[in-house]
Amino acid sequence: MFYEYIKNNPQWNLQINRQLEGIKESSKVKDDLKIIIPKLTNDASWYKTWFSFGELREKEEDHALACAYFGLAQFYLNQDDENKQTVVHRYLNNFYRAHTEIDYESYQVPYQKTFFALILKKWTTFIQSVK
């Protein structure tokens with residue numbers, strides 16, 4: 001079901017519905033949204049609010065919800081925003097912690113004086129799922 005959380009803002013409603021699909025009926029999410037939605041007034045408040053709730057849920061080790069909130073926090077940040085990389089990394093970190101059913105191997109590949117995260121799905125699992 002598609003909810004209109006914010007009047008006259010179809011783009012924000014689309015992103016909230018998209019990111020919270022599958023978990024938006026949870027009482028925890030509904031309680032969070034009662035606090036979050038009134039705080040969303042512009043792009044800066046969008047980032048700040050979703051990020052702070054992502055941190056809260058990450059601290060509580062609710063990785064699926066932290067992942068969703070970090071995903072929302074990063075959505076409207078420009079690629080060159082100093083916060084973008086940090087939020088995306090936290091999103092991915094929580095994604096893999098929330099989805100332990102994914103059988104993968106992770107590697108750190110050297111790239112331009114830093115490291116590029118590489119995730120490979122294990123072939124045995126992939127081959128079994130194709131059969």
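Owing to the predicted nature of the structure, the values given are computational and were not obtained by experimental measurement.

1. Brief notes about the pattern of salt bridges
Thought 1: Per the stated rule, a full pass over the model turns up nine salt bridges.
Thought 2: A salt bridge links Lys 34 to Asp 31; its shortest N-O distance comes to 3.9 Å. Here Lys 34 and its partner Asp 31 are both found in helix H2 (residues 27-39), three residues apart, which amounts to about one turn of the helix.
Thought 3: The class of Lys 34 is exposed, set by a relative accessible area of 62%.
Thought 4: Exposure remark for Asp 31: the relative accessible area of 43% places this residue in the partly exposed category.
Thought 5: Of the charged contacts in the structure, one is a salt bridge between Arg 90 and Glu 55, with a shortest N-O distance of 3.3 Å. With Arg 90 in helix H5 (residues 84-98) and Glu 55 in helix H3 (residues 43-59), this residue pair connects regions lying 35 residues apart in the sequence.
Thought 6: On the basis of relative accessible area, Arg 90 is assigned to the partly exposed category, the value being 22%.
Thought 7: A cluster of three or more residues bridged by salt bridges with shared partners is formed by Asp 32, Arg 57 and Glu 60.

2. Re unusual backbone geometry
Thought 1: One non-glycine residue, Gln 112, lies in the positive phi region at around 45 degrees.
Thought 2: Note on placement: Gln 112 falls in the loop between strand S1 (104-111) and strand S2 (114-121).
Thought 3: Non-glycine residue Lys 113 carries a positive phi angle of around 65 degrees.
Thought 4: With respect to the secondary-structure elements, Lys 113 resides in the loop between S1 and S2.

What counts as what
- Residues numbered from 1 in each chain as written.
- Predicted model: local features only at pLDDT ≥ 70, side-chain atom pairs only at ≥ 80, totals over all residues.
- Heavy atoms only, no water.
- Salt bridge = Lys/Arg side-chain N within 4 Å of Asp/Glu carboxyl O.
- Helix = DSSP H or I, 4+ residues; strand = E, 2+ residues; numbered from the N terminus.
- Buried < 20%, exposed > 50% of the residue type's maximum accessible area, 1.4 Å probe, protein only.

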